[in-house]
Structures are given as structure tokens and as C-alpha cells.
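Residue-level structure breakdown
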Amino acid sequence: MTQPRLSPSIVALAVAAAAAVVATFARWILTPVLAGNAPFLTYMAAVALVARYTGFWAAIATSALSLPLAAALFLAGPVTARAPEWNDIARALLFLGVSWLFASITERLRVLSAAEGAEAKRLRIVLQSIGDAVIVSDAHGQIVTVNPEGERLTGWTSAEAKGQLVTAVFNVIDEDTRQPTDNPAVKAVREHTTVRLAHRTLLVARDGTQRPVDDVATPLQGDDGVVTGSVLVFRDTSERRRAAEATAHLAAIVESSDDAVLSKTLDGRILTWNAGAEEMFGYSAAQAVGRSVHLVLPDDVREREADRLAHVARGEHVESFETARLASSGERLDVSLTLSPIRNEAGVTIAASSIARDIRRQKQLEQTLRDADRRKDEFLAVLAHELRNPLAPIWNSVATMRLAGSDQAVVRQATAVIDRQSRHMARLLDDLLDVSRITRDKLDLRRAPVTLQAVVDLALETTMPLLDAAGQTLSRSMPPEPVPLDADIMRLAQVFSNLLSNASKYSARGSIVRLTVSRSGSDAVVTVTDDGIGIAPDALSNIFEMFSQAPQPVALAPGGLGIGLALVRGLVGMHGGRVSAASEGAGHGSTFEVRLPIAPAAMAPAVTDAPRLAGSTARRILIADDNQDGADSLAILMRAHGHDVLAAYDGAAAVRGVRAFRPEIVLLDLGMPVVSGFEAARQIRAIPEGRDVMLVAVTGWGQKQDRDRTREAGFDLHLVKPVDTDGLLQLLHSTRG
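Structure report, in brief.

Cut-offs applied
Residues numbered from 1 in each chain as written. Predicted model: local features only at pLDDT ≥ 70, side-chain atom pairs only at ≥ 80, totals over all residues. Heavy atoms only, no water. Helix = DSSP H or I, 4+ residues; strand = E, 2+ residues; numbered from the N terminus. Pairing = 2+ DSSP bridges. Axes fitted to C-alpha atoms, helices over the stretch in contact; angles between N-to-C directions. Buried < 20%, exposed > 50% of the residue type's maximum accessible area, 1.4 Å probe, protein only. Core = buried A, V, L, I, M, F, W, Y, C linked by side-chain atoms within 4.5 Å. Contact = heavy atoms within 4.5 Å.

With respect to the environment of Gly-577
Its location among the elements puts Gly-577 in the loop between α18 (564-574) and β18 (578-582). Sequence separation of Gly-577 and Pro-597 is 20 residues, and the distance between their C-alpha atoms is 6.4 Å.

Here's the deal with the sheet that holds strand β16 (residues 512-520)
Taken in spatial order, the five strands line up as β14-β16-β17-β19-β18 in an open sheet, and their pairing is mixed. Among the strands making up the open sheet, the edge pair consists of β14 (473-477) and β18. Strand-to-strand twist of the sheet, defined as the mean angle between neighbouring strand axes without regard to direction, takes the value 15°. Of the pairings in the sheet, the one linking β18 to strand β19 (residues 590-597) comprises five bridges and is antiparallel in character. For Ala-582, the partnering residue across the bridge sits in β19 and is Thr-591.

Here we look at the pairing of strand β5 (residues 201-204)
Residue alternation in β5 divides its side chains into two sets, Thr-201 and Leu-203 and Leu-202 and Val-204, and both sets are buried. Bridge count for strand β3 (residues 171-174) against β5 is four bridges, and the pairing is antiparallel. Note on β5: the bridge partner recorded for Asp-174 is Thr-201. The sheet contact formed by β5 and strand β6 (residues 210-221) spans three bridges and is antiparallel. Bridge pairing links Leu-203 to Arg-211 in β6.

Brief notes about the nonpolar core
One finds Leu-452, Leu-485, Leu-492, Val-495, Phe-496, Leu-499 and Val-594 to be the most contacted residues of the largest nonpolar core, which totals 38 residues. Contributions of two or more residues to this core are made by α15 (452-469), β15 (484-487), α16 (489-505), β16, β17 (523-530), α18 and β19. Ranked by the residues each element gives to this core, the list is headed by α16, at seven residues. Apart from residues lying up to four places away in sequence, Phe-496 is in contact with Leu-452, Val-455, Ala-459, Val-526, Val-594 and Leu-596. Counting 25 residues, the second largest nonpolar core, distinct from the first, contains Trp-273, Tyr-283, Val-301 and Ala-327.

This is how it looks when you write it as C-alpha cells:
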């Protein structure tokens, strides 16, 4: 049960009564000493004590109660019955006046003391709650107090630090030199001014931990201007420094980025603009910052951009997207854009950042890849068409020969068709392989001194039958003196053969094809001009690309793989020259120009005689091929030329045949079942019957690495299918007996 509390006035009256009684008792004890003197002495002490500890009104009450007691008991000595005199009245009034004055002064001092205590308490609370570290020191540099944050950073408790020199607790060094720096608290007292630490200062804590700090020391001065100490306020700047460094790094990255990086308010006003934006859009930062982002937005994308910005403002994720921007020149730019929110400390979106990447080159590359893929598909379709075309007359000719019986004229005609069409197929495959080797830098040139006239003559041997068949005329203009070159005559003849073949194929029957050879400084210039279908301007730029074929009327479409001109460019480039095409457009013909470096005059062309066939010497030949028709047809051909031939249809049979048949020459296919041609060659070389035999690889693979493998396996020669019959017969007649 709660006890009832007494009111302050009752408490004060009780204290006053008690004080008056105690004072009376004390005065009575002192009567032998004081007699009739100082009747109010103990009462004055009582008033003073009550005023100090209870208050003004309790002291007044004490004086009021003390007066009658003192007057009655001690004013004229011990208790008497005499009437008071004027002197007694004066002494009583003086007692009351002094009591009131003493009570007033004591009350004032008590109030002031209480106020100072409250202020001190408030200061202590502030020091305890402030986020920064605070150290208070006196005029001698000794610490008075340290707040909790100061304790955490220095490692000293306030109790431990009190009385210590501030230089011992707040130990600071220069971050670069690691030498002690002037203590700001001491300097503030010494110079009577506010002092800040130098840049890049470290606080060394009691446990040796070092951390960067920022601080300010202020002198404490009394009303008379005397410095009584200092207040040192400091904070750990590690996080701020890391944030500043991260911000600086990010700013450096943003500024050095090739992408356009900018920030904008949620209503589209530009806030920042990096160097990439200046480069991409053509506006300086001074021209762009503060203006609407519409500065670089085409009209047709503004509504969509505003919608995306609204999504960002609502905190919603926006995927990267492709859009368009406008440069200061008015050029429309294809860009890939990323929008991201910029949030304040409360997580509220206040702006947006935008990163734009110029993707024009990427889109061009993508278009180029799509075009290349389309041309590849077209090429494959053309390849299938071109390879089927000669198959039809070959099959027809074979059927004709079956029905011809002894009609040799029909057989000869069918044989001629098969020969032409087979050579055409071989030419297609050779061109395809040559382009592949050039693009992979695998084609080897066999350079030798040669004249340009000899190269042209060799090219005409191939193309004149085409011109004659089309009823076309060749107009040739050649310089009288030889034009020396350092070249592979076969490859360079292939260049002009392709150009002349194209001129014939794309020109009307009975037209003229012009070939001109001339000198221009240190270059030899060869031009091939026709009056054919011409080349459209938009096709000239990629006419030398792989699988490129200019659109043409079906009636004038003679076929081809679209790789001939790519082969021309590659071969001319390998000879240190260049090729170009010109045309006034569809129906106006075309001109191809080849420029080649002329060789020094001292380099005389080598004269070589064509190898002559030796006498018809019969050879023992073993032919091994898992394609039985291929093996048998070649065996029939060799027997027809007087050779003794054995056919085998796998590698193991070939090895057995060498042991039994003892051939002089072995024609081995490489990709055979059971035992491959490579393994068969190794086994043949390992037996006595095969040590001196001539091993010839006959295969559809003709790359350099394929030739290296056959040489390592022990083959003497490497022939690529389809094998040239005349060349093979010449080989057989010229080989050792």
C-alpha cells in the first residue's frame, strides 16, 4: 500500500521547528560560556543550515520560530520576566534581517549550484551520446574526460585516460612519413586558436591499431579570456576514405569508358555527361548538362524512353535494350542501352543512370555474318547444282556407250563428253580446294623467273576452246618486249584463265573479249574487258568475296560456284599484286585489272622442256582401293596401255598382293577398311618385297598436312583424285625400271 506523501510546506515547517528546537538546546548548552551575549548565535547557524539544505522558505520559518524562543530564553540572559528594551528589539530585528539576507544568498547559491550541476549533467549526456570521439583536456594538457567513441578509437577508458597527457592518449603520426605530428589539442591551448590535423594523419590506438582520422581542437576560455583547456573532436575516416577512393575509381572508369555514361533526373534532365558521351554524341558536358535528354532522342523513341524511365522511378527492373540516339550532326546511332536507378541513403530512387554502347559496327558485323551465311547456303545449293550438271551427260554417255555396240563414232563422241564433264568437275573441286588453302594460308607458290607473255599463253590454252565454242573473238594486245615476273606460272595462268572464262560466260555469243598487257611504272598491268551483262554498282564492293555472285538473268546464267574471283584475288595477292573490277552497270560490260610487280631485268626466265614419254615399258602395278569400280576402271586403263596390273580392295589384301605379285609400283588409297592405306604402307615397307617398291598415295585429300602424313608413312608420291591419266602414264613410263 502506498504511503501518503507529506506536502513540501509541511516538511519545511517540520524542519524549521526541529532546527529551532535544536538551536535552542545548543544555545542553552552554551549559556555558561556566552551568558547573555549572542542570544541568536545558534539560531543563525540553524537558519544557514536549513537555507543550504532545505530552502529559502524553510529558513524563514526557522528564523520566525527561533525569534520568540531566543527572545524569551536568551535575549537578556537566562529566562527573566523583564520587559524587552529597545536594544533587544534592535537585536531581534537585526537577527531577522540577517536571517532573511543569509537565506536569500544561500538560496541563490543553491540554485546556481543546481543549475551548474544540471548543465554539467547535460554536457556529460551530450559527450556520451555524440557520434564523434571527444577528449577534454585542461590547460596543462592533461585529460579531464573521454567519451565512449573516444574510448573505442584510442583504446583508453575515460578512467584510465583521466590525468594522462593528451599526447599519450591521442597519438597521431603522418601517414606518409610515419613520424609524430604536432598534437592539435596542445597546439590549440598554446596558440589560443582552433586547430585541425594535417592531411593524411593516422591515429595510433593503445593496441597499435592505426586508422586515418579527421579532427578539430578548440581552446576552452573563461570570461576573462584565460584558456583553461581544450576540446578535441575527431572521427575515423576509414570508411569515408574507402568510399571516396571507390567513388574516384568509379569516376575514372566512367570517364575513361568508351561507352556514353550519363545520369539524369526522373523527369529527364541531364545531370552528368562523361567523355564517352561527348565522343559518341558530339556534345560537350557544358552543352549537355542541365538540358533535357531529348537532346539526343529521336522523336520516334521518346514516348517509349519516358515509359522506361517511369519504370525505373518506380524501382522496377528494366532489361537492357536496343534503341536509337541522335548525334549533334543529326546522324542516327544504333545503341544498346542500360537504365539503372540511383537511390539515396533511404533507398528512394532520385535519378537514373544510362549507359549507351554504339552497336553500329556490331550490327554491321551481324549483317555481314547473315550475308555470309546466306551466301554459304546459296553456294551449297549452287555446288549441288554444278556437281549434278556434269553427272547427267556422263550418265547419258555411259548409257549411250552400252547401246553403241561396235559404232566407234558414237563411242568416241560419248567418251569426249565424259572426258569434258569429268574435267569440269575436277576443275570445280580444284578451285574449291585452292580457295580453302589460300584462306588458311596453306597454299605454296612455286616461284620461278617467267615472262608475262608465257603466263598468258598458258591461260589461253585453257580458255580458247570456251571462246571458240561460244563463237567469241579474243582481241589481244601485248608489248613487243618480254615482261619478266617472279611467279608460279601455273597459279598465275589460273588467274587469267578464270578472268577470261568469266568474260566468255557472261558475254553474248559472237561478242569480243579484249585482253591487254602493258607496263605502268614498276607494275605489269593486265586488263580483261567484255561487253557482257556488266556488274551493278552495289555488287562491285563484294564481287571478290567468297561465294559472291552478282544477280543475273536466268537466260544468261552459265553457272559457277562463286569462288573464282575470290581465288583470283587470293592468288594475285600472294604474288604481291592487286586486282580491281569496274563496270558502268548492268548491260554495259565489265573490266578487270590485275597489277603485278615486274621482276628485275637480270632475272631471266628459266627455259624448261616438257618431259618426254619414255618408251612403252610394261610395269607391274598393284592398285588398292575400297571403291571397287575405281580400282577396276583404273586397272582396265593401265592394262590397255600394256601394264601388268593386280587390283585389291582393302589394305590387308594390298599387303598380301605385294608379297605374291611383287609389283614395281603400288597405287594405294588411304581411307580403306580393315587396314588403312597408311598402315598398309608401313607394313609393305617392313617386308622384303616392299622395300624398293614405289608407293604412290592416291586419295581425295590433298592438304599439306595430308602430304606430310603420307611422306612420314613411307609413300614416294601423293596424287589427288581424280588422277590425271596422262600424268599418271607419264609417271609410269619415266619411273625406274
